[in-house]
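The residues making up each chain are set out below.
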Amino acid sequence: MDFRWDLLAEYGPFFVKGTLLTIGLSLAGILLGTILGLFIGLGKMLKKKVYALPFSWYITFFRGTPFMVQILLIHFAVVPLFLGETNAITAAILTLSLNAAAYIAEILRAGIQSIEKGQMEAARSLGMNHVQAMRYIILPQAFKRMIPPLGNEFIVLIKESSLAALIAAPELMYWGRAMQGQYYRVWEPYLTTALIYLVLTLSLSYLLSRLERRLATE
């Protein structure tokens, strides 16, 4: 196999730009998805089913349909409906956030429900209202248990960001496909992108494992 290092040197700046955009898209998806997922998870836990039903439908839709379909639908239908024109980066961030929120909502719900009911009762007996009990007693304990599944979801989100190339968002995979299309080479573009994604996911796994160990000692 004749590996063309000169092609990597030529496309190196593009891979750097694509990697930075991939990181940006992933961070935006994680941040917005976590915030939205918290509200959706709490909404699904509402005692009245009529109020909890829309949140359940949301989770079912985004967990039950392919991410590729979601990003195409949002890019070509939802974003133009509200902005009047398509925007690949906006569509990518929106899709990543909405998709992540559905999974994070279930992780948060499971984490909260794993805490013994006596914890809430004890907090209420001390004079806390429901919001205060959730903020100061339940969520801090649940968060420690949610770190492993949340970490897995964040890693999945980084890899799913590669599908933004389908709508021409100039992230990492976009430039890998551009290099392959220009030179009709396979090893150089796709092996490079694979290694960069591997570095990103392993780095995140390392940071999350350190956070988990630190919280375990507190």
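Residues numbered from 1 in each chain as written. Predicted model: local features only at pLDDT ≥ 70, side-chain atom pairs only at ≥ 80, totals over all residues. Heavy atoms only, no water.

Q: Whenever I open this one, a nonpolar patch on the surface confuses me. Can you help?
A: Together, W187, L191, L195, L198 and L202 make up an exposed nonpolar region whose accessible area comes to about 500 Å². Residue L195 is classed as partly exposed on the basis of its relative accessible area of 47%. (Patch = residues over 30% accessible without salt bridge, like charges linked within 9 Å, V, L, I, M, F, W, Y side chains within 5 Å. Areas by Shrake-Rupley, 256 points an atom, 1.4 Å probe, with all protein chains shown as cover. Salt bridge = Lys/Arg side-chain N within 4 Å of Asp/Glu carboxyl O. Buried < 20%, exposed > 50% of the residue type's maximum accessible area, 1.4 Å probe, protein only.)

Q: What am I meant to see in the layout of surface pockets here?
A: Over the atoms, a rolled probe matching the size of one water molecule traces out where space is still vacant. By volume, the largest pocket amounts to about 730 Å³. Lining the largest pocket are 18 residues, and of these M45, I112, M120, H130 and M134 sit closest to its centre. Secondary-structure elements contributing two or more residues to the lining of the largest pocket are α1 (5-44), α4 (88-113), α5 (117-125) and α6 (130-160). Of the residues belonging to the lining of the largest pocket, the class tally is eleven nonpolar, two polar and five charged. T34, L38, L108, L139, F143, M146, I147, L150, F154, L208 and L211 are the residues that line the second largest pocket. Taken together, the elements giving at least two residues each to the lining of the second largest pocket come down to α1, α6 and α8 (187-216). If you tally residues by element for the lining of the second largest pocket, the top one is α6, at six residues. Partitioned by chemical class, the residues of the lining of the second largest pocket number ten nonpolar, one polar and no charged. (1 Å grid on protein atoms, 1.4 Å probe; cavity = no way out; pocket = protein on both sides within 12 Å on 5 of 7 lines; lining within 4 Å. Points joined across faces, edges and corners; volume = space filled by probe spheres on them. Helix = DSSP H or I, 4+ residues; strand = E, 2+ residues; numbered from the N terminus. Nonpolar A, V, L, I, M, F, W, Y, C, P; charged D, E, K, R; others polar.)

Q: Would you mind going over unusual backbone geometry with me for this structure?
A: For residues besides glycine, phi is generally negative; the peptide bonds are generally trans as well. Of note, A168 is a non-glycine position whose phi angle comes to about 70 degrees, a positive value. Take A168: it is sitting in the loop between α6 and α7 (172-183). Judged by its relative accessible area of 46%, A168 is partly exposed.

Q: Mind showing me how you'd approach the pattern of salt bridges here?
A: Where charged atoms of side chains with opposite charge meet at close range, the side chains can pair. Inspection of every chain in the model, using the stated rule, returns five salt bridges. The residue D6 makes a salt bridge to R4 at a minimum N-O spacing of 2.8 Å. Its relative accessible area of 42% is what places D6 among the partly exposed residues. Classification of R4 by relative accessible area gives partly exposed; the value is 28%. In this structure, R185 engages E188 in a salt bridge whose closest nitrogen and oxygen atoms are separated by 2.5 Å. We classify R185 as partly exposed; its relative accessible area is 23%.

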